[in-house]
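Summary of the model geometry
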Amino acid sequence: YRIAIFASGEGSNFQALAERANAGELGGAEIALLVCDKPSAPVVQRAERLGVQAHLFKPKDYDSREAYEREIVHKLEEHRVDLVVLAGYMRLLTPVIVDKYRGRLINIHPSLLPAFPGKDAIGQALAYGVKVSGVTVHFVDEGMDTGPIIAQKALPIVSGETVDSLAQAIHAIERELYPQVVSWFAKGLVQLDGRQVTVSNP
Ligand code: GRF
């Protein structure tokens, strides 16, 4: 079972997934490649350290978002990728990838969707004053963080919480939840029917 991870930044989720895969703890899945849109992103160094091929695709090198994504799809096909995992990939995908990988394309988001989609979900949740937030793993559709939900984990917001302390707590949950969900996929346990997602015997 072959996975591509798309990331633009730090790469802590990438690292958690790659470490589990290297330890044989990802349901037998292998991280075939990293797709990155930012040459200077720390995730690129992490890939090198973890022995994962990094492929850089710079949007500026292409005439359109579609042309850019067609090039990425070629690379995914070359690597016979079964599942595309977005992990801090900071671009909205077009139908070129979304249609081709529908049901095989997932994202992780640092809030309990549908609350606080989009950028800075952690800051948005704190500013709103919610007392519970968390993490969502969901299928990707054409919208911004709108696809069918696969798994969520909630987290109480304590008094005196700051963006930094909440971000730390959220990232700790992400590092456990994302590998767990990816291993469900590798084991063929996830079914999608309309918006309903079923996970059999996780
Ligand atoms: C994570 O908080 C994830 O939920 C969001 O982007 C962040 C990526 O962090 N989509 P990292 O690059 O994996 O460290």
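Because the structure is predicted, anything quoted here is derived from the model rather than measured.

A tally of regular secondary structure across the protein chain gives six helices and nine strands. Here the C-alpha coordinates of the protein chain stretch approximately 50 × 40 × 35 Å along the principal axes. Here the protein chain, with 202 residues, has 37% of them falling under the buried criterion.

Moving on: helix α3 (residues 65-78). The terminal C-alpha atoms of α3, which comprises 14 residues, lie 20 Å apart, in line with the 20 Å expected from a rise of 1.5 Å per residue. Turning to α3, its buried residues are Tyr 68, Glu 69, Ile 72 and Leu 76. The buried residues of α3 occupy one face: seen down the axis, they fall within an arc of 90°. In α3, those exposed residues whose orientation departs by more than 90 degrees from the buried face are Ala 67, His 74, Glu 77 and Glu 78. With its phi angle positive at about 45°, Arg 80 sits one or two positions after the end of α3.

Let us now look at the UniProt feature "binding site: (6R)-10-formyltetrahydrofolate" (unreviewed entry) in the protein chain. Here, the residues flagged by UniProt with the feature "binding site: (6R)-10-formyltetrahydrofolate" (unreviewed entry) are Arg 65, Met 90, Arg 91, Leu 92, Leu 93 and Asn 107. Its location among the elements puts Met 90 in the loop between β4 (83-86) and α4 (95-98). The class of Met 90 is partly exposed, set by 13 C-beta atoms lying within 10 Å. Mapping Leu 93 onto the fold places it in the loop between β4 and α4. Leaving out residues up to four positions away in the same chain, Leu 93 has contacts with Glu 69, Val 98 and Val 140.

Among the secondary structure elements, Ala 67 is positioned in helix α3. The class for Ala 67 is exposed, based on 12 C-beta atoms found within 10 Å. Here the alpha-carbon distance between Ala 67 and Ser 183, two residues 116 residues apart in the chain, equals 31 Å.

Take the packing of helix α1 (residues 12-22) against helix α6 (residues 163-186) next. For the pair α1 and α6, interaxial distance at closest approach is 9 Å and the crossing angle is 45°. Classified by the angle between their axes, α1 and α6 sit oblique to one another. The two elements α1 and α6 meet at a crossing, and its hand is right-handed. Counted together, Ser 12, Asn 13, Ala 16, Leu 17 and Arg 20 of α1 and His 171, Glu 174, Arg 175, Tyr 178, Pro 179 and Val 182 of α6 form the full contact between these two elements. When its residues are assigned to classes, the contact of α1 with α6 shows five nonpolar, three polar and three charged.

Turning our attention to α1. Since the α-helix packs 3.6 residues into each turn, any two residues three or four apart lie on the same face. In terms of burial, α1 is a largely internal element, eight of the 11 residues being buried. Residues of α1 that are buried: Asn 13, Phe 14, Gln 15, Ala 16, Leu 17, Ala 18, Arg 20 and Ala 21. Each element contacted by the buried residues of α1 is listed here: β1 (2-7), β2 (30-36), α2 (42-50), β4, β5 (105-109) and α6. Remark: Gly 24 follows α1 within two positions and exhibits a positive phi of approximately 70°.

Attention now goes to the site of the ligand. Close to the ligand lie 13 residues; Glu 10, Ser 12, Asn 13, Gly 88 and Pro 110 are nearest. Residue assignment for the shell around the ligand shows that the elements contributing at least two residues are α1 and β5. Element by element, the count of residues in the shell around the ligand is highest for α1, at three residues. For the shell around the ligand, the per-class residue count stands at five nonpolar, six polar and two charged.

Another aspect to go through is the packing of helix α5 (residues 121-128) against α6. With their axes 10 Å apart at the nearest point, α5 and α6 run at an angle of 125° to one another. The pairing of α5 with α6 is recorded here as oblique in orientation. In the crossing of α5 with α6, the sense of the turn from one axis to the other is right-handed. Here Ile 122, Gly 123 and Leu 126 of α5 lie close against α6, whose contacting residues are Val 163, Leu 166, Ala 167 and Ile 170. Grouping the constituent residues of the contact of α5 with α6 by class yields six nonpolar, one polar and no charged.

Calculation rules
Residues numbered from 1 in each chain as written. Predicted model: local features only at pLDDT ≥ 70, side-chain atom pairs only at ≥ 80, totals over all residues. Helix = DSSP H or I, 4+ residues; strand = E, 2+ residues; numbered from the N terminus. Buried ≥ 20, exposed ≤ 12 C-beta atoms within 10 Å, placed from the backbone. Expected span 1.5 Å × (residues − 1). Arc of directions from axis to C-beta. UniProt positions renumbered as here; feature names shortened; annotations may be inferred. Contact = placed C-beta atoms within 7 Å. Axes fitted to C-alpha atoms, helices over the stretch in contact; angles between N-to-C directions. Parallel < 35°, antiparallel > 145°, perpendicular 65-115°, else oblique. Left-handed = near helix turned anticlockwise from the far one by under 90°. Nonpolar A, V, L, I, M, F, W, Y, C, P; charged D, E, K, R; others polar. Near = placed C-beta within 6 Å.

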